[in-house]
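# Notes for the structure review
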Amino acid sequence: MRHVAHNMMPEALLKFNLGDAIQDFCDGINESHIIKMKFTQIGSLQALSQSNAIVLYRIIQELTNNALKHAKAENIFIQITKHQQGITITVEDDGIGFNSLAPPNTKGDGLKNLQTRIDYLKGSWDIKSEINNGTSINIEIPV
Amino acid sequence: MKGKTIEILLVDDHALVIEGMKALLEKMPLINVAGTAGNAFEAIALLKKMKVDIAFIDVNLPDISGIELCAKITKEFPGVQVIALSTFQQSSYVNQMIGNGAVGYLVKSAGKQEIEESIQSVWAGKMYFSSGINNRQDPAKDNEPPTLTKREKEVMKLIAEGKTSHEIASKLFLSIYTVDTHRKNLLTKFEVNNTALLITIAAKFGML
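Everything quoted here is computed from the prediction, not taken from an experiment. (Residues numbered from 1 in each chain as written. Chains lettered and ligands numbered in written order. Predicted model: local features only at pLDDT ≥ 70, side-chain atom pairs only at ≥ 80, totals over all residues.)

### Side note on the overall build of chain A
- The number of helices and strands found in chain A is 5 helices and 5 strands.
- N-terminal to C-terminal, the α/β element order of chain A is α-α-α-β-α-β-β-α-β-β.
- Looking at chain A as a whole, 36% of its 143 residues qualify as buried.
- Contacts spanning at least 24 positions in sequence make up 67% of the contacts within chain A whose residues lie at least 6 apart. (Helix = DSSP H or I, 4+ residues; strand = E, 2+ residues; numbered from the N terminus. Buried ≥ 20, exposed ≤ 12 C-beta atoms within 10 Å, placed from the backbone. Contact = placed C-beta atoms within 7 Å.)

If you want it as structure tokens, here you go:
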């Protein structure tokens, strides 16, 4: 399971764009039938630099990984929206959730890495989660 | 056109693939391997010289990729049908090749029968995809509602209640700009151009 979410630099990201790479990422996980991934992109990501695309790819990979490891979810939904002020990324699962006002163990490297990557892109993020009502993570990246 | 020999061009940088394909194709009736090339330059040179009906093109060629070569061939040699040849079955590769004019996509794990099928379908004017490739259609299907994020669902419910963007913004602690973006995205996802239609369709799907 870890293997699926942890694959190396995807070729699609080097050759094409973030949307194609995320679609491949989702297709790959769907083939394992562990969980159902869905991906929607709104707007064009052509203007995104390759290095920023890689950072965003890693962020999405990390969030998906978290959901696979902890959420006991059946579905994960990823959405990337390009709008005038930037890019919004949403990663949602329908798993067990947690109390987002008192987040669980944040000592792991996962969330720290996530924070570092989002800081690098001068972005902001928020987590919304409720016990037994899934988790929704929103990331705003300015352009 | 039927009953006539189909002229094939093979483009791949691996000699083994070329030789293997050639050996298989030469056993098939009414199929002739007109030429083989190891890269895009050789392929273009051959196309200028000889008549080719179907070109099998490796997606991963050195220097000029099969994806670029495919675009060039479709533009400059419109009589040539391109079938992509690849070890990858990720949709990004398939989409790029199809987007550049390929009419078929064959994975290298294909056997003799699949290769023959690909030629026959393309020759008959149909598209061909190896089994195992999910020939993805556009996500907007009439009978399936788009997937919405929790935030979009909240915004949509408030729109349905007749709230203005200002009211929605203050209720959800969002900027008015963000609410408008959600509104636009909802219209895009439901493929409608006004909120009234959005609400009607969402209600039909039982999403409100």
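### Observations regarding the interface of chain A and chain B
- Each side of the interface is counted separately: chain A has 19 residues, and chain B has 13 residues.
- For the side of chain A that touches chain B, the secondary-structure elements that each account for two or more residues are α3 (18-32), β1 (36-42), β2 (75-83), β3 (86-93) and β5 (135-142) of chain A.
- Ranked by residue count, the leading element in the side of chain A that touches chain B is α3 of chain A, at 5 residues.
- A per-class count over the side of chain A that touches chain B returns 5 nonpolar, 9 polar and 5 charged. (Nonpolar A, V, L, I, M, F, W, Y, C, P; charged D, E, K, R; others polar.)

### Let's talk about the sheet that holds β3 of chain A
All names here are of chain A.
- Read across the sheet, 5 strands follow the order β1-β2-β3-β5-β4 without closing on themselves; strand pairing throughout is mixed. Every other strand in the sheet has two partners, leaving β1 and β4 (124-129) as the edge strands with one partner each. Between one strand axis and the next, the sheet turns through 10° on average, direction left out of account.
- Sitting on the sheet, α3 is in contact with β1 and β2, with an inclination near 165° to β1. (Pairing = 2+ DSSP bridges. Axes fitted to C-alpha atoms, helices over the stretch in contact; angles between N-to-C directions.)

### What about the packing of helix α4 (residues 50-70) of chain A against helix α5 (residues 109-120) of chain A?
All names here are of chain A.
- Running from N to C, α4 and α5 point in directions that differ by 155°, and their axes come no closer than 10 Å. Between α4 and α5, the crossing angle belongs to the class labelled roughly antiparallel. Handedness of the α4/α5 crossing: left-handed. Counting all contacts with α4, which are made through Val 55, Arg 58, Ile 59, Glu 62 and Asn 66, the residues of α5 involved are Gly 110, Asn 113, Leu 114, Arg 117, Ile 118 and Tyr 120.
- The class makeup of the residues in the contact of α4 with α5 is 5 nonpolar, 3 polar and 3 charged. (Parallel < 35°, antiparallel > 145°, perpendicular 65-115°, else oblique. Left-handed = near helix turned anticlockwise from the far one by under 90°.)

### Brief notes about the pairing of β3 of chain A
Residues and elements named next belong to chain A.
- Most of β3 is tucked away, with 7 of its 8 residues classed as buried.
- A loop of 2 residues connects β2 with β3, the two strands running antiparallel in sequence.
- Pairing of β3 with β5, which is carried by 8 bridges, proceeds in the antiparallel orientation. Note on β5: the bridge partner recorded for Thr 88 is Glu 140.

### Structural notes on the confidence of the model for chain B
All names here are of chain B.
- The predicted model of chain B has a mean per-residue pLDDT of 89, with 93% of residues at 70 or higher.
- Scored below 50 in pLDDT, residues 136-141 shows 2 contacts in the model against residues more than four places distant or in partner chains.
- Predicted complex, confidence summary: ipTM 0.79, pTM 0.62. (pLDDT = per-residue confidence, 0-100.)

### Quick word on the sheet that holds strand β3 (residues 54-58) of chain B
Residue and element names in this part refer to chain B.
- Reading across from one edge, β2-β1-β3-β4-β5-β6 is the order of the 6 strands in this open sheet, with parallel pairing throughout. Each end of this open sheet is capped by a strand with a single partner; those strands are β2 (31-37) and β6 (128-129).
- Across the sheet, helix α1 (residues 15-26) is in contact with β1 (6-11), β2 and β3; its angle to β2 comes to roughly 165°.

### A short note on the packing of helix α7 (residues 165-172) of chain B against helix α8 (residues 176-190) of chain B
All names here are of chain B.
- Contact geometry of α7 with α8 gives a least axis separation of 8 Å together with a crossing angle of 110°. Taken together, the axes of α7 and α8 are roughly perpendicular relative to one another. Handedness of the α7/α8 crossing: right-handed. Together, Ser 165, His 166, Ile 168 and Ala 169 of α7 and Ile 176, Val 179, Asp 180 and Arg 183 of α8 make up the contact between the two elements.
- Each residue belonging to the contact of α7 with α8 can be placed in one class, and the counts come to 4 nonpolar, 2 polar and 2 charged.

### Some remarks on the pairing of strand β4 (residues 81-86) of chain B
Residue and element names in this part refer to chain B.
- Of all 6 residues in β4, 6 are buried; the element is thus mostly enclosed.
- Neither face of β4 is left uncovered, since the one carrying Gln 81, Ile 83 and Leu 85 and the one carrying Val 82, Ala 84 and Ser 86 both have all their residues buried.
- Summarising the sheet, β3 and β4 pair through 5 bridges and their orientation is parallel. Counted as the bridge partner of Phe 56 is Ile 83 from β4.

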